[in-house]
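In case you want the letters, here they are:
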Amino acid sequence: MLGKFFRKEPENPKVPAGQSVTDGFPVLTYGPTPRMSKDELELRVFGLAEEKVFRWDDLLALPATNISKDFHCVTHWSKLDVSWTGILCTDFMKALKIQPEASHIMFHCYGGYTTNLALDDFLAEGCMLAYSLEGQDIPLEHGGPLRSLIPHLYAWKSAKWLSGIEFMSSDRPGFWERNGYHMRGDPWKEERYS
Ligand SMILES: Nc1nc2c(c(=O)[nH]1)N[C@H]1C(S)=C(S)[C@@H](COP(=O)(O)O)O[C@H]1N2
Ligand SMILES: [Mo]
């Protein structure tokens, strides 16, 4: 039965080794789903940055970009060509004052989840703070109202229910990284566990 929903596509150059393609969109959440509305949402930038809080209207006022990206979960499924709308991290950075020592970031989420990134990965092509999925508000279980999308790394780096971005002067493990996942998580190198 599972074979019907997850298929190996060994010849497809979009599919990294060890991944199967699914047409559905599985929900992968550790722990309970936080209830969060656009009105309540606050995104706090802190650490080695001028502290700033963005509310929903502040986020919508920033430049919006549509992208389509493949989504690779370390538990071996990939969903191809997912459409997102949001603020590219490179555009978001223009609204911030970051200290020169900042080399890494930590995403913080409602519910307590965290995940770390090198600043270069945060600013890589297609990385965004997303608020729309396939032209609709992101469903709560997929991380709405606001999640990050880091399409070139395994999807545990794409933090749902985003509440904060902390700028740091060195790398520090987030939730899954403390629990055995790789610090970077490149699907093309199968950086699954450390
Ligand atoms: N806040 C939060 N973000 C999270 C997670 C989580 O448990 N909590 N799971 C991660 C994992 S392991 C994956 S594969 C993706 C799954 O996103 P989806 O549920 O929209 O498919 O979200 C990531 N972001
Ligand atoms: Mo995952």
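Above: the structure in question.
Here's a quick rundown of the structure. The structure presented is a predicted model; accordingly, all values stated were derived computationally and were not measured.

1. Some words on the overall build of the protein
Counting secondary structure elements, the protein contains 5 helices and 12 strands. Over its C-alpha trace the protein gives a radius of gyration of 16 Å, about what one expects of a compact globule, namely 16 Å for 194 residues. Projected onto the principal axes, the alpha-carbon positions of the protein cover approximately 50 × 35 × 30 Å. Across the 194 residues in the protein, those meeting the buried criterion constitute 52%. When contacts within the protein are restricted to residue pairs at least 6 apart in sequence, long-range pairs at least 24 apart make up 67% of them. If you sum the accessible surface of the protein, you get close to 9,300 Å²; carbon and sulfur atoms cover 54% of it. Measuring between centres, the 21 positive side-chain charges of the protein sit 3 Å from its 26 negative side-chain charges.

2. Points about the pattern of salt bridges
Taken as a whole and judged by the stated rule, the model has 15 salt bridges. When the shortest N-O distance is used, the salt bridge between Lys14 and Asp81 registers 3.1 Å. In this pair, Lys14 is assigned in the loop between strand S1 (6–7) and strand S2 (20–22) and Asp81 in strand S6 (residues 77–88), connecting sequence segments 67 residues apart. Overall, the relative accessible area of 43% leaves Asp81 in the partly exposed class. Taking the shortest distance from any N to any O, the salt bridge between Glu166 and Arg172 comes out at 3.1 Å. Taking the relative accessible area as the measure of exposure, Arg172 reaches 36% and is therefore partly exposed.

3. Observations concerning the site of ligand 1
Taken together, 19 residues surround ligand 1, and among them Pro26, Tyr30, His142, Arg147 and Lys160 come closest. Between Tyr30 and ligand 1, the recorded distance is 2.7 Å, taken from a backbone N or O atom to an oxygen atom. For ligand 1, the protein covers 98% of the area, taking 530 Å² as the surface of the free molecule. Its residues assigned to classes, the shell around ligand 1 comprises 14 nonpolar, 3 polar and 2 charged.

4. Overview of the pairing of strand S3 (residues 43–47)
Pairing of S3 with strand S4 (residues 52–54) involves 3 bridges; the strand directions are antiparallel. From the neighbouring strand, Arg44 faces S4, where its bridge partner is Val53. Linking S3 back to S4 in an antiparallel pair, the connection comprises 4 residues. Sheet analysis places S3 next to strand S12 (residues 162–168), joined by 4 bridges and oriented parallel. In the sheet register, Phe46 faces S12, and the bridge partner there is Glu166.

5. Some thoughts on the environment of Tyr193
Along the polypeptide, Tyr193 turns up in the segment after helix H5 (175–178). Accessibility expressed as a relative area gives 47% for Tyr193, which makes it partly exposed. Sequence separation of Tyr193 and His182 is 11 residues, and the distance between their C-alpha atoms is 4.6 Å. Tyr193 has contacts with Val74, Gly180, Tyr181 and His182, leaving out every residue within four places of it along the chain.

6. Some details on the pairing of strand S8 (residues 114–118)
Across a regular strand the side chains alternate sides, sitting on one face of the sheet and then on the other. Most of S8 sits inside the fold, with 4 of its 5 residues counted as buried. Judged from the 5 bridges that link them, strand S7 (residues 104–109) and S8 form a sheet pairing that is antiparallel. Within S8, the residue paired with His108 across the bridge is Thr114. Following S7, the chain reverses through 4 residues before pairing antiparallel with S8; Gly111 in that reversal takes a positive phi of roughly 100°.

7. Details of the side chain of His142
With respect to the secondary-structure elements, His142 resides in the loop between strand S10 (136–137) and strand S11 (147–149). If sequence neighbours within four positions are ignored, His142 has contacts with Phe25, Pro26, Val27, Leu133, Arg147 and Lys160.

8. Brief notes about the sheet that holds S8
Read from one edge to the other, the open sheet built from 5 strands follows the order S4-S3-S12-S7-S8, with strand pairing classed as mixed. Where the open sheet ends on each side, the last strands, each with one partner, are S4 and S8. Ignoring which end each strand starts from, the neighbouring axes of this sheet average 20° apart.

Thresholds applied
Residues numbered from 1 in each chain as written. Chains lettered and ligands numbered in written order. Predicted model: local features only at pLDDT ≥ 70, side-chain atom pairs only at ≥ 80, totals over all residues. Heavy atoms only, no water. Helix = DSSP H or I, 4+ residues; strand = E, 2+ residues; numbered from the N terminus. Rg over C-alpha atoms; globule rule 2.2 N^0.38 Å. Buried < 20%, exposed > 50% of the residue type's maximum accessible area, 1.4 Å probe, protein only. Contact = heavy atoms within 4.5 Å. Areas by Shrake-Rupley, 256 points an atom, 1.4 Å probe, with all protein chains shown as cover. Lys, Arg positive; Asp, Glu negative; His and termini not counted. Charge placed at Lys NZ, Arg CZ, Asp CG, Glu CD. Salt bridge = Lys/Arg side-chain N within 4 Å of Asp/Glu carboxyl O. Near = heavy atom within 4 Å. Polar contact = N/O pair within 3.5 Å; in protein donor to acceptor, adjacent residues only side chain to side chain. Nonpolar A, V, L, I, M, F, W, Y, C, P; charged D, E, K, R; others polar. Pairing = 2+ DSSP bridges. Axes fitted to C-alpha atoms, helices over the stretch in contact; angles between N-to-C directions.

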